[in-house]
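# An overview of the molecular structure
Now for the letters of each chain:
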Amino acid sequence: MRLPAQTGERIDRSTELSFRLGPWDVSGYAGDTIGSALFAGGRRVFSRSFKYHRPRGLLCCAGHCPNCLMTVDGVPNVRVCVEPLREGAVVEPQNVLGKLDFDLLRVVDKVGGPFTPVGFYYRTMIRPRRMWPLYEKFLRNVAGLGKLDEHAGHTRRYDVEHKKARVLVVGGGRAGRAAALEAASQGPGVVLVDESDRLLRSELAGVEVLAPARALGIWEGNLVPVDCGTVLYRFRAERVVVATGTIEQPLVFPGNDLVGTMFPRAVRRLIRDFSLQPGQRAVVLATDERGLEAADDLGEAGVAVERVVDLRESPLRRIEAQARAGRVRGVLLDDDVVECDLLVASGGRQPAYSLLAQAGGLVEFDPDLGVLVPTEHPPGVEAVGSVTGEGLEKVDPLPSYHGRGKCFVCVCEDVTTKDVKRAITEGFDSIELAKRYTTVTMGPCQGKLCQLPSVRLYAQERRVYETDIGSTTARPPWAPVELGLLAGRHLEPTRRTSLHFRHEETGARMMWAGPWRRPYAYSDYPEQEVRAVHESLGVIDVSTLGKLLVEGPEAAALLERLYPNRFGDMKPGRIRYGVLTTDGGRIMDDGTVARLSDDLYYVTTTSTGSDAVTAWFEWWNAVWGYDADIVNVTGALAALNLAGPRAREALERLTEDDVSAEALKYLDAREVEVVGVPCLTLRIGFVGELGYELHFPSPAGEHVWDRLVAEGAVPFGLEPQRVLRLEKGHVIVGQDTDSESNLLSAGMSWLPKLDKDDFVGKSAVELFAEREERELLVGFRMEENVVPPEGAQVVIEGYPAGRVTSARRSDEVGAIIGLAWVPSDRAEDGTRFEIRVERQLRGARVTHGAFFDPAGERMRS
Amino acid sequence: MKDIFVPRRMWRPRGELKRRYDVVVVGGGSHGLATAYYLAQRHGVKDVCILEKSYIGSGASGRNTTIIRANYRTPEGAEFYGQSVRLYEKLSQKLGFNLMFSQRGHLTLAHSDRALVTMQERAEVNKLLGVNSSVIGPAEIEALCPQLDVSERPTWPIMGALYHPPGGIIRHDAVVWAFARAADELGVDIHPYTEVTGFERANGRVTAVETNRGRVECGQVVSATAGWSTLIAGMAGLRLPITTHILQAFVTEPLKPFLDVVIVSSQLHVYVSQTDRGEFLIGAEIEPYTTYCGTGTLSFLEISARHSIELFPQLERAKVLRTWTGLCDLSPDYSPILGRTEVDNFHVSSGWGTYGFKAAPIVGVTLAELVATGKTPDLIAPFALERFHTDTLVSELAAAAVSH
């Protein structure tokens, strides 16, 4: 039933909205919250508590407490007291077995008390060990609050917007508005964020108002994310002004959680905003003026106020709310029972300091006010209004009142005063320890309602001052926030080459290779692509290779010092293989280095290594201060490797330049115009056949590719390339090597030039040269027709002694071949060792040198 | 069980610092407490104290994501953590405190064929060392975790997983408290809010520990101070090859449990589990830079939210309740630095990166043995600080550029 129209009421009685509560149709008015509409419809029990399944009703009406958590349109844990009502909403109770008004798990409350004190689960269910999974299954069945649809997909679209503010004011109360107006008088760039939508924007000229919206935290550099529902504003503010006001605190007495117990401001909101009568007969227990105001509010709403107790003047020792079916039916005040159905009680107001504390501010108990106040603010952050403690009266209720029944310090987690006392008796004597043991302040309110009461109780029980207790660390976010909102638009970056769609059209099976999408093979028979390269001509898209230009008078000096091998003595137009080593002398990345002119080098890296190598080059260049510039041209250039015995003949038909064996020798780099596109042509042989790597501007990718294919080049993917390179014994960095592999152990002892003055990792490589390696990377052939999976273990006397890093069947070699790390005393050519494949040991023999064309005649031809 | 009806003190109230202890353990976390416990329990060394600058379990022990597993890549690692898991399995009964160790299975997802190879390698090493782990395909993953999207829809489809049935989660604080209670019962003195400020040294040994509550002479010192290990070692005149980074995690509001297994994706840098209270507990990679600043970052929340939803789109409307940071000591090879140092009687348990909590009981057993007998147990010999002088590292990293 509604009261007659109140001045300033927020409901629009002309617009009725209907929604559902479980199976029932209910209605409310526009302007209602779901909570107020349900209350108007007579609902008093809104939820069941976390542990004892006690009925809970509206308590704070401010979105702080857990009492009105319900599932709305499938979204669990919605605080319906502040959730605007919308037509057709589907509201469901949660954490209930049976009905909201009759929860079968209520039995826990009735009989569980003595058996389930705080931390009971640490003391029980220990033996027999095998039973624990069963116990746990039961615990998990009753745990949790709301229920998620386990199989739901994405349902909402979220966005993120980056914004700047000169002054960002959090909180639109009196102090916040004044601070915003004051700042606005000095210039633009003032933003005010408020959780409610009641602000009169007209009164805030020159201020950008975001409401309803919620500042989630203050991170370094005054980064303040603001939750606006489906948009997250990421504010960078020069100044942040926190004006978050205060939060009403519960009074701690037995039965303080019963349905019908409310905070003074909750009563005011129900009456003034929603024209609801919070009860028929009320008792008001006040510790400050605000609490007393509730009596006036109730009077105006026609509620019979049976008793008003100002605890400052007439202190009580005993307060005990009495219940019928979980609802308040009266209250015992010392020896006096007063019948009522509404008990308005508060333990004062606590400054809402969380934002300040999360950002690194200090919080201390103020004995003059009886609450925790922020004392030191983080840099660039200010606080105004009651959040600083300004204007608060001293409140000094008892930490807990006597009486029978459960007396809650924390309604989120159902922690009673008995639990806290017990924790102290057991030795959990610091508030942080007790938090972890009792879970006080760890529930959905994040300590908003239980920090202060627990500090008071702690001080009393330990017989010390509140100032000595401290408080638990405040952790962001200020209020719970949806994962979807934090995630923003759902984008996972993917790198594609300029030929990506050509590959798809050709029927390639695409796969991930680091951040890139690459063709695995173009059919189900990669071996056919291998054969094409060996017998005729193939082409592979290698645009994913990292490509760097290193230019400048000291480019040569830079590369000399970065790489273990030599690049300064190269003639322009020549190419050399290079391996980068870390400070520790480990293999980091590899690729080719072509000298294009005295001052210009073209460096390729592995496909996944380009960013790291660029950063590495830039880092060292900055350290050494060489006159050389580094430009990453990976995305700008496409690269194709044309390989096979017919490669030269095909290239000759597509260019007018001289690409004869004499003009473009093995390891030569030249610019060649291919089908009208100037291509940097590198003659190298990763796949072991005569080959040309063409590097040219990405936009011409499809044009060049199509013409090569028209010349009979068979597209081949990553899988055939892996087979081809394995036949040559070529190492893939990151696959055949790991973070411990070095040039010597990986069989490239010819590469480092230890007579160079310096290179990154030189001292480590020198050390390696003096000692014997523990393990070496070798080629092997299987004795049987079994392909060991990559990662299979080399086993000696039942113990892992090495591992297979690559293995494939090679038709060309006519064997199953691979690369493996083996102990150095088993690395001689022809040594037999065993690999574990599907629980069986299979023999393999070490094979030195390339499996295919060991002299390299084909790639040099 | 009887403790249910009659509250019993877990440990004695903090007493005065004695003038001397045979063994001073710096750090009241799971490693320090376990070491003290096993010193007293297995070796009869009871003149032991724990110096903790805050409350017990206030550091990494109370900030980790409670995952226990043994499916490591190196034989040394798998063997070591394998023993740790076996100790954890019986620890509740041994210490008489329910640590709620639920071995509901641990899945490390592979989203690329490279990752699958790494899984294969780990599985093979594990099997040889008696650690139960195997590579499974999408169908088996779906059977274990029907809520996971194993279709081709995600940007990074799930290609397989390393399945480790004994892996799971535990109540981390309970581990700390149970060790503390047991150590206290055996006479170990626990001194919370006692900060070490320096060491007195003579002849290459530590002779006394200086604290904000006074000076304590010592026979031997064990430093088990994840996050601060370089600072404590520095006071003893020792340099450790360790960098300190923050690692962040968050929990959601409690939801009715539906995720039983632990899901890890190194591609997406998240690990997801659901606690017995119903909260989803989600952690990420360490931050790449060195810092002691505990306020955390917003980008962590954003990135891990995005990645969690990539795996579990049904979490889109779940709400983040609380986020926190912890400190991780990173060694160059991602393996711990455990045992003796150049300072004769100064022992360390450090360099644990993100793996420290998983090793608590076995660290306690081995370090206690080392301190009591003076001999380094074979199990931890590969993790000696000396390996950085001889360059015999134990690499948990698969490739130089790829972290765990």
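Here, every reference points to the structure presented above.
Residues numbered from 1 in each chain as written. Chains lettered and ligands numbered in written order. Predicted model: local features only at pLDDT ≥ 70, side-chain atom pairs only at ≥ 80, totals over all residues.

### Remarks on the overall build of chain B
- From N to C terminus, chain B includes 9 helices and 18 strands.
- Its C-alpha atoms put chain B at 65 × 55 × 40 Å along the principal axes.
- For chain B, buried positions account for 65% of its 404 residues.
- Contacts spanning at least 24 positions in sequence make up 76% of the contacts within chain B whose residues lie at least 6 apart. (Helix = DSSP H or I, 4+ residues; strand = E, 2+ residues; numbered from the N terminus. Buried ≥ 20, exposed ≤ 12 C-beta atoms within 10 Å, placed from the backbone. Contact = placed C-beta atoms within 7 Å.)

### Some words on the overall build of chain A
- Along the backbone of chain A there are 21 helices and 49 strands.
- Computed over its C-alpha atoms, the radius of gyration of chain A comes to 37 Å, more than 25% above the 29 Å expected for a compact globule of 861 residues.
- In terms of its C-alpha atoms, chain A occupies a principal-axis envelope of roughly 110 × 70 × 55 Å.
- Within the span of chain A, comprising 861 residues, buried residues form 54% of the whole.
- Pairs at least 24 residues apart make up 64% of the contacts formed inside chain A by residues separated by at least 6 positions. (Rg over C-alpha atoms; globule rule 2.2 N^0.38 Å.)

### Describing unusual backbone geometry
- With an omega of -5°, the peptide bond between A:Ala211 and A:Pro212 qualifies as cis.
- Examined against the element boundaries, A:Pro212 turns out to sit in the loop between β12 (208-210) and β13 (214-215).
- Of note, A:Asn222 is a non-glycine position whose phi angle comes to about 50°, a positive value.
- Its location among the elements puts A:Asn222 in the loop between β13 and β14 (223-227).
- On the basis of neighbour count, A:Asn222 is assigned to the partly exposed category, with 19 C-beta atoms found within 10 Å.
- At B:Asp391, a position not held by glycine, the phi torsion is positive, near 55°.
- Its place among the elements puts B:Asp391 in the segment after α9 (387-390).

### Quick word on the nonpolar core
- By size, the foremost hydrophobic cluster in this structure holds 299 residues, and its most contacted members are A:Leu168, B:Val24, B:Phe179 and B:Ile263.
- By residue number, the principal contributor to this core is helix α5 (residues 172-185) of chain B, which donates 9 residues.
- The residues contacting B:Val24, other than those within four sequence positions of it, are B:Cys49, B:Leu51, B:Val209, B:Val216, B:Cys218 and B:Val221.
- A:Ala532, A:Tyr602, A:Phe716 and A:Phe780 belong to the second largest nonpolar core, which has 95 residues in total. (Core = buried A, V, L, I, M, F, W, Y, C linked by C-beta atoms within 7 Å.)

### Some points on the sheet that holds strand β37 (residues 600-605) of chain A
Residue and element names in this part refer to chain A.
- In spatial order, the strands read β35-β36-β37-β34-β38; together these 5 strands make up an open sheet with antiparallel pairing. Strands at the two margins of the open sheet, each flanked by one partner only, are β35 (574-581) and β38 (629-632). In this sheet, adjacent strand axes meet at a mean angle of 25° when their direction is disregarded.
- When strand β36 (residues 587-597) meets β37, the two strands line up antiparallel, connected through 4 bridges. In the sheet register, Ala594 faces β37, and the bridge partner there is Tyr602.
- Sitting on the sheet, helix α16 (residues 610-624) touches β34 (546-551), β35, β36, β37 and β38, and the angle it makes with β38 is about 165°. (Pairing = 2+ DSSP bridges. Axes fitted to C-alpha atoms, helices over the stretch in contact; angles between N-to-C directions.)

### Some remarks on the packing of helix α9 (residues 417-426) of chain A against helix α11 (residues 451-462) of chain A
Residue and element names in this part refer to chain A.
- Two elements in contact, α9 and α11, have axes separated by 10 Å at closest approach and are oriented at 50°. Viewed along their axes, α9 and α11 adopt a mutual orientation that is oblique. Crossing of α9 over α11 shows right-handed handedness. Within the contact between the two elements, α9 uses Thr417, Val420, Lys421 and Ile424 and α11 uses Ser454, Leu457, Glu461 and Arg462.
- Counted by class, the contact of α9 with α11 contains 3 nonpolar, 2 polar and 3 charged residues. (Parallel < 35°, antiparallel > 145°, perpendicular 65-115°, else oblique. Left-handed = near helix turned anticlockwise from the far one by under 90°. Nonpolar A, V, L, I, M, F, W, Y, C, P; charged D, E, K, R; others polar.)

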